[in-house]
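Structural characterization, general
Next come the chains, spelled out residue by residue.
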Amino acid sequence: MYKDEVNETTANNYNRILVGCTYQLFKNLKIQANYGHFMYSDKAKEALGYGTSEQIQIMGLFKF
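So, here is what we can say about the structure in this document. (Residues numbered from 1 in each chain as written. Predicted model: local features only at pLDDT ≥ 70, side-chain atom pairs only at ≥ 80, totals over all residues. Heavy atoms only, no water.)

Spatial strand order, β1-β2-β3: 3 strands in an open sheet with antiparallel pairing. In the strand order of this sheet, the two ends are held by β1 (14–26) and β3 (52–62), each with one partner. The average undirected angle you get between the axes of adjacent strands in this sheet is 15°. Sheet topology places β1 next to strand β2 (residues 29–40); 12 bridges connect them, and they run antiparallel. Within the sheet, the bridge partner assigned to tyrosine 14 lies in β2 and is tyrosine 40. (Pairing = 2+ DSSP bridges. Helix = DSSP H or I, 4+ residues; strand = E, 2+ residues; numbered from the N terminus. Axes fitted to C-alpha atoms, helices over the stretch in contact; angles between N-to-C directions.)

Using the criterion set out here, one finds 4 aromatic pairs in the structure. Arranged with centres 5.7 Å apart and planes meeting at 80°, the rings of tyrosine 40 and tyrosine 50 form a pair that is edge-to-face. Residue tyrosine 40 is located in strand β2, and its partner tyrosine 50 is located in the loop between α1 (42–48) and β3; the two are separated by 10 residues in the primary sequence. According to the relative accessible area criterion, tyrosine 50 is partly exposed, its value standing at 38%. Within the aromatic cluster, the residues linked to one another by ring pairs are Tyr14, Phe38, Tyr40 and Tyr50. (Phe/Tyr/Trp six-rings, centres within 6.5 Å; stacked < 30°, edge-to-face > 60°. Buried < 20%, exposed > 50% of the residue type's maximum accessible area, 1.4 Å probe, protein only.)

Function cannot be read off these values alone, since they describe shape.
Written as structure tokens, this is what we have:
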């Protein structure tokens, strides 16, 4: 968790839950998916207009 002590109304004030999964298709190829749920502080929520947000990340890793 990163907490911005200087400006409490920025999107940097959050707690985050991260869940991920990695699947190896072949010896040299992996697929990875991550889900992040962000929960913002009350002051940041008031300034931003929302209290939570979500992020989905999908990656492919290839090594040779």
